[in-house]
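A structural walkthrough
Here is how the chains run, residue by residue.
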Amino acid sequence: MNETTFRIRPYSKRELARLYFPKTANIDSAVSNLRRNSEVMEKLHAAGYRTHNKIFTPKQVRIMVETFGEP
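This write-up is about the structure you can find in this document.

For the structure shown, the criterion picks out three salt bridges. Here Asp28 makes a salt bridge to Arg14, at a shortest N to O gap of 3.1 Å. Note that Asp28 is positioned in helix α2 (residues 27-35) and Arg14 in helix α1 (residues 13-20), a separation of 14 residues in sequence. Of the residues examined, Asp28 reaches a relative accessible area of 43% and is grouped as partly exposed.

Our next topic: the packing of aromatic side chains. Summed over the entire model, instances satisfying the criterion amount to three aromatic pairs. Here Tyr20 and Phe68 contribute two aromatic rings whose centre-to-centre distance is 5.6 Å and whose plane-to-plane angle is 65°, an arrangement assigned as edge-to-face. Highlighted residues: Tyr20 in helix α1 and Phe68 in helix α4 (residues 58-68), separated in sequence by 48 residues. Here Tyr20 falls in the buried class, since its relative accessible area comes to 15%. With a relative accessible area of 35%, Phe68 lands in the partly exposed category. When the centroid spacing of 5.4 Å and the interplanar angle of 25° are considered together, the rings of Tyr49 and Phe56 count as stacked.

Attention now goes to α4. Along α4, the residues that are buried comprise Gln60, Val61, Ile63, Met64 and Val65. Looking at the buried side of α4, the elements it contacts are β1 (11-12), α1, α2, α3 (38-46) and β2 (55-56). Once α4 ends, the next one or two residues include Gly69, with phi positive near 90°.

Relative to the helices and strands, Gln60 resides in helix α4. Contacts of Gln60, omitting those with residues within four sequence positions, involve Leu44, Ala47, Gly48, Tyr49 and Ile55.

On to the packing of α3 against α4, then. Contact geometry of α3 with α4 gives a least axis separation of 9 Å together with a crossing angle of 155°. By the angle between their directions, the pair α3 and α4 is classed as roughly antiparallel. For the crossing formed where α3 meets α4, the hand is right-handed. Contact with α3, carried on its side by Val40, Lys43 and Leu44, involves Gln60, Ile63, Met64, Thr67 and Phe68 of α4 and no other residues of that element. For the contact of α3 with α4, the residue count by class is five nonpolar, two polar and one charged.

Each value, and the rule that gives it
Residues numbered from 1 in each chain as written. Predicted model: local features only at pLDDT ≥ 70, side-chain atom pairs only at ≥ 80, totals over all residues. Heavy atoms only, no water. Salt bridge = Lys/Arg side-chain N within 4 Å of Asp/Glu carboxyl O. Helix = DSSP H or I, 4+ residues; strand = E, 2+ residues; numbered from the N terminus. Buried < 20%, exposed > 50% of the residue type's maximum accessible area, 1.4 Å probe, protein only. Phe/Tyr/Trp six-rings, centres within 6.5 Å; stacked < 30°, edge-to-face > 60°. Contact = heavy atoms within 4.5 Å. Axes fitted to C-alpha atoms, helices over the stretch in contact; angles between N-to-C directions. Parallel < 35°, antiparallel > 145°, perpendicular 65-115°, else oblique. Left-handed = near helix turned anticlockwise from the far one by under 90°. Nonpolar A, V, L, I, M, F, W, Y, C, P; charged D, E, K, R; others polar.

Below, the structure written as structure tokens:
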């Protein structure tokens, strides 16, 4: 079996954006796509996320997985 399982761990914005939006040509556009969901952003801010952060904590990654599903 060669299935890979998504792990809840710290991810950089770029890494997680690329996982969720693999067909987006520009990585900055993929990061922007993550920020477009205001409900998720509210939950992330409540979990300590700030716009200048470059890394999502495991707690913040879990919020995204609960909202979007596994990438």
